[in-house]
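Structure assessment
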Amino acid sequence: MSRARQTVTLTADLVILTIREGALTVLLVERENEPFQGRLALPGGFLRGDESLERTAARELAEETGLDAGTMRLRQVGVYSEPGRDPRHPRVVTCAYLAIAPNLPVPVAGSDARAARWVPVAEATCAALAFDHDRILVDAVDLARTLLQFSTIATAFCGPEFTIGDLREVYEAVWGVALDKPNFHRKVTDADGFVEPTGDKRPSPNGRPAALYRAGGATELVPPMMRSRFGA
């Protein structure tokens, strides 16, 4: 086995998820340059100067899409270092980050991308993304699905105020299942610190006004919202 040291370059890639028109969607860019010119990819780019990888991720998000990462919490998905995952030299290792936010705007392509757009995850996973971004996307969505079981991250897909129905639609979009409304309502309101009522209601054209909630103070779900218990 060779003991020669490898010279590598580092990149940060981003999986930005939101829900648009009831579907889980991911932000993709069309690459302006080689390699994979014209192919869809996750936004990202090379570490520069004295940046941390988190700062690289935030900068690349702004440069390629015009979106501000300042209000998004970045969660590390993993480090990807397979030889040949990127044809450039020296070898390129990437760290992927997951960010979730509600009501994200239509992105604006920057200098490193021809176009930037929201793509339904179901479509993106069949799109043959550049590099190993197919794998990264699958891993990030799996992470989001797991986080919904054990943490209160689902409220990050919602605005400051939301109904239990809004929150249920988040779970249905991310998990890809239909959930029983009364059972879901009970589990959400029984979970310590998951949500708290605002005291206000949202008018409904087809029935009683729906109670509005905000995110509670908890970060972990107790008890967890296990997919298996919903038949997922």
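Residues numbered from 1 in each chain as written. Predicted model: local features only at pLDDT ≥ 70, side-chain atom pairs only at ≥ 80, totals over all residues. Heavy atoms only, no water.

Description of unusual backbone geometry
Residue P35 is bonded to the preceding E34 through a cis peptide linkage, with omega at 0°. Residue placement: P35 occurs in the loop between strand 2 (23-31) and strand 3 (40-41). A positive phi angle is found at F36, which is not glycine, with a value near 65°. Here F36 lies in the loop between strand 2 and strand 3. Here F36 falls in the partly exposed class, since its relative accessible area comes to 25%. Phi angles above zero are rare outside glycine, and F131 is one such case at about 55°. The residue F131 is located in the loop between helix 2 (121-124) and helix 3 (133-150) in this model. Its relative accessible area of 14% is what places F131 among the buried residues. (Helix = DSSP H or I, 4+ residues; strand = E, 2+ residues; numbered from the N terminus. Buried < 20%, exposed > 50% of the residue type's maximum accessible area, 1.4 Å probe, protein only.)

Re the pairing of strand 1 (residues 8-20)
As defined by bridge partners, strand 1 adjoins strand 6 (residues 91-100) across 10 bridges and the pair is classed as parallel. Of the residues in strand 6, the one forming a bridge with V8 is R91. Bridge count for strand 1 against strand 4 (residues 44-46) is 3 bridges, and the pairing is antiparallel. Pairing of D13 across the sheet is with G44, part of strand 4. Direction of pairing for strand 1 relative to strand 2: antiparallel, over a ladder of 4 bridges. Within strand 2, the position partnered with R20 by the bridge is A23. Linking strand 1 back to strand 2 in an antiparallel pair, the connection comprises 2 residues, with E21 at a positive phi of about 55°. (Pairing = 2+ DSSP bridges.)

Comments concerning the nonpolar core
Of all hydrophobic cores here, the largest spans 43 residues; its most connected members are L17, L167 and Y171. Sorting the residues of this core by element identifies strand 1, strand 2, strand 5 (75-80), strand 6, helix 2, helix 3, helix 4 (164-175) and helix 5 (181-190) as the ones contributing at least two each. Ranked by residue count, the leading element in this core is helix 3, at 7 residues. In this structure L17 touches L24, T25, V26, L98, A99, I100, A101, L104, V121, A144 and F157, once residues within four positions along its chain are discounted. Listed in part, the 15 residues of the second largest apolar core include A12, L27, L67 and W118. (Core = buried A, V, L, I, M, F, W, Y, C linked by side-chain atoms within 4.5 Å. Contact = heavy atoms within 4.5 Å.)

Remarks on the packing of aromatic side chains
Applying the stated rule across the entire model yields 3 aromatic pairs. Taking the centre distance of 4.9 Å and the plane angle of 70° together, the rings of F36 and F131 count as edge-to-face. Here the residue F36 occupies a position in the loop between strand 2 and strand 3, and F131 occupies one in the loop between helix 2 and helix 3, the gap between them amounting to 95 residues. Linked through ring pairs, Y171, W175 and F184 together constitute an aromatic cluster. (Phe/Tyr/Trp six-rings, centres within 6.5 Å; stacked < 30°, edge-to-face > 60°.)

Here's the deal with the pattern of salt bridges
With the rule as written, the count across this model stands at 11 salt bridges. Two residues, E60 and R59, come together in a salt bridge whose shortest N-O distance is 2.9 Å. Among the residues examined, E60 registers a relative accessible area of 3% and is labelled buried. Residue class for R59 comes out buried when judged on its relative accessible area of 15%. Its salt-bridge partner being R145, residue D142 comes within 4.0 Å of it at the nearest N-O pair. On the criterion of helical spacing, the pair formed by D142 and R145 is a turn pair, its members being 3 residues apart in helix 3. Taken together, the shared-partner salt bridges connect E30, E32 and R114 into one network. (Salt bridge = Lys/Arg side-chain N within 4 Å of Asp/Glu carboxyl O.)

Digging into the side chain of S151
For S151, the location among the structural elements is in the loop between helix 3 and helix 4. Here the side chain of S151 touches I153 through a polar contact of 3.3 Å, landing on its backbone nitrogen. Excluding residues that lie within four positions of it along the chain, S151 makes contacts with Y171, T219, E220 and L221. (Polar contact = N/O pair within 3.5 Å; in protein donor to acceptor, adjacent residues only side chain to side chain.)

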